[in-house]
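Structural overview
This is what each chain is made of:
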Amino acid sequence: MKNDDKKTKARRRFLAGGLGAAALGALAQGSTAGRRADRPVWQLDPYLCSQCGRCATECVLKPSAVKCVHAYAMCGYCELCFGYFLPGARSLDESAENQTCPTGAIRRRFIEEPYFEYVIDEPLCIGCAKCVTGCNTFGNGSLFLQVRHDRCLNCNECAIAAVCPADAFVRVSASRPYIFKGENDSTSGGLS
Amino acid sequence: MKGLLIAVVFLTLSGVATAPAAGAGRYPEPDFESGYVIPTATTPAPNAPSWEYLHLVVLAAVLAVTALLVLKVRYRAGVYILMIVSLAYFGFWRQGCICPVGSQQNVILGISDSSYTVPIFVIGFFFLPLVTAVFFGRVFCGAVCPLGAVQDVVALRPVRIPEWLEHALRMVPYVILSLMVLFVATGAGFIVCRYDPFIAFFRLSGSAFMVTVGAVFLIAGIFVARPYCRFLCPYAVLLSWGSRLSWLHATITPDECVKCRLCENACPFGAIQKPTPERIAEPRERGVKRLALLSLLLPLIVAAGMVAGWYAGTPLSRAHKTVYTAEQVYMEEAGLTDQTTLESEAFAAAGRPAADLYEDAEQVRGRFRRGGALAGAFLGVVFGMKMLSLSIYRQRDDYEINKAWCLSCARCFNYCPREQARRSGPREQDE
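Values in this document were obtained by computation on a predicted structure and should not be read as measured data.

Turning to the packing of helix H16 (residues 321-333) of chain B against helix H18 (residues 354-391) of chain B, a few remarks are in order. Residue and element names in this part refer to chain B. At their nearest, the axes of H16 and H18 sit 9 Å apart, and the two run at 135° to each other. It follows from the interaxial angle that H16 and H18 lie oblique. For the pair H16 and H18, the sense of crossing is left-handed. Residues Thr322, Val323, Thr325, Ala326, Glu327, Val329, Tyr330 and Glu333 of H16 touch H18, and the partners they reach there are Ala354, Leu357, Tyr358, Asp360, Ala361, Val364 and Arg365.

With 72 residues of chain A at the contact, the number on the chain B side is 73 residues. Taken together, the two surfaces of chain A and chain B that pack against each other cover about 5600 Å², and 61% of this comes from carbon and sulfur. By the criterion of area lost to chain B, the three top residues of chain A are Arg39, Asn156 and Glu157 of chain A, representing 12% of everything that side buries. Linking chain A to chain B there are four salt bridges. Arg39 of chain A is the partner of Glu52 of chain B in a salt bridge, and the nearest nitrogen-oxygen pair spans 3.4 Å.

Take the packing of aromatic side chains next. All names here are of chain B. Throughout the structure, instances matching the rule amount to 28 aromatic pairs over all chains. Ring centres 5.3 Å apart and planes at 40° place the aromatic pair Tyr89 and Trp93 in the tilted group. Of this pair, Tyr89 and Trp93 are both found in helix H3 (residues 76-93), four residues apart, which corresponds to roughly one turn of the helix. For Tyr89, a relative accessible area of 18% puts it in the buried group. Taking 6.0 Å as the distance between ring centres and 85° as the angle between the ring planes, the aromatic pair formed by Phe198 and Tyr228 counts as edge-to-face.

How each quantity is defined
Residues numbered from 1 in each chain as written. Chains lettered and ligands numbered in written order. Predicted model: local features only at pLDDT ≥ 70, side-chain atom pairs only at ≥ 80, totals over all residues. Heavy atoms only, no water. Axes fitted to C-alpha atoms, helices over the stretch in contact; angles between N-to-C directions. Helix = DSSP H or I, 4+ residues; strand = E, 2+ residues; numbered from the N terminus. Parallel < 35°, antiparallel > 145°, perpendicular 65-115°, else oblique. Left-handed = near helix turned anticlockwise from the far one by under 90°. Contact = heavy atoms within 4.5 Å. Buried area = accessible area lost by both parts, 1.4 Å probe. Salt bridge = Lys/Arg side-chain N within 4 Å of Asp/Glu carboxyl O. Phe/Tyr/Trp six-rings, centres within 6.5 Å; stacked < 30°, edge-to-face > 60°. Buried < 20%, exposed > 50% of the residue type's maximum accessible area, 1.4 Å probe, protein only.

Take it as geometry only, folks, not as evidence of what the structure does.
What follows is the structure in structure tokens.
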């Protein structure tokens, strides 16, 4: 019995020590966390993106939480948009076989001669980046991919980030959750 | 005719297109005369961080109530209901991330990578179940962890696993824990999240492979109760360390053990220890000899673990993106393969010299070898200690709970006649 008491006491002392150390460690970590950014969320850097197509297939959500975003201010409003039309399109009209987008998620609207506006229909977009490739190769690069935070589950390890061949996925601060291309850098994300 | 025209336009443009890198400003910004206003893309915000603190408060509350139900009220049905609530809340509604099991990796990353700061609620998710375990045992496993809950629900026909096998398989979580630390610290990613077998069910979405793995676990879980918790979960290692030292822990009997053997088969997780048979008188010399031999063997096992870990480091490093990209690029440059991968294409597009990549890969391999040696040493210590603890005879007079293995599920209470007496006690007095 006495022996047991001794053991219990030693155990408590040990525990108190361990808990104290743990709490101190947590506090130290916490204080730095408080000074620095708040919660990290996943985002992809469009300047690093290689348009490999894995955003469409690897996300735990189907369809992916990665969608194409249009930086309108960068767009040339071309009639012959290389994000919109397939190379070798038979005619420059809205028929599906001429479009790069496999789901027809890009809508175009005539503004004035000779300009067209291109809008992403987000629920249809699967994040395959086919239009991004077209726009980057022959256009202004105003179409690019972004993790959309109204959809993203913010997995502890992003399934796309784990296999992104260009290492374009980064953790950014939740208060600046987007990395936008172009001039509207006021809304752009955590990378500087 | 028109097709030809487009083709010509494409050809001329493709010549132009190779010049500027990002393509910005290739076509001038249009001058609109119709008063058209250039729109801006929407930027929907992520969930507010306050949600995460709410989850943390819920976690603390559920832990506290479970501890109360297991230790004070001793009520299995209550624990079960709470477990279902946790499964619904943390599993299906919250859809997993971040969970205490995964948060270990964030904590390691916070230590190994100075550019990553662990958010404070993640620290909370990591520490709360551990602190609870130090005080009250693994109540987190009993009714809070959604991964445990989904297995507990299907554990309908549990079979008893031979003791030697149980002891052997219970070593696997230590291996997973070491690998987890190694992979996070070397920057290869969060393998425990990547191969979480049940998260696909919570999200009702996931890769076909992980859904299959999850289904296999659940089917196996009908017969082998909570296979993930017992034989894989790396967080269980830390929790069992805490629980071993626990200040209060669930007991089978509310007061005294009458050695009726009724609880002998109560635990589906093999966490009930029988009383030891009368000690067979062993010559003192033999015991001393065995102990001396084992303590001599311990440094050897640790050394063997270090060597094995060092050599395992190189093959393990192939899981790191830098290493497998470098190997692919090397194969392509040496003409050993004509096939390119998305990784090697992305590397070529980035325009860095291959030598840089090889050097990075060599550094990663080095980190894996050194980390592997450390992990091997740790596993050697664990294995050696296990051998020692198995060889030491401990007198046990009653049926007792193995604190390290007990999941605080409260199943065994009902089997105890003393418990039945406790429950009917006050009523008899009333009559």
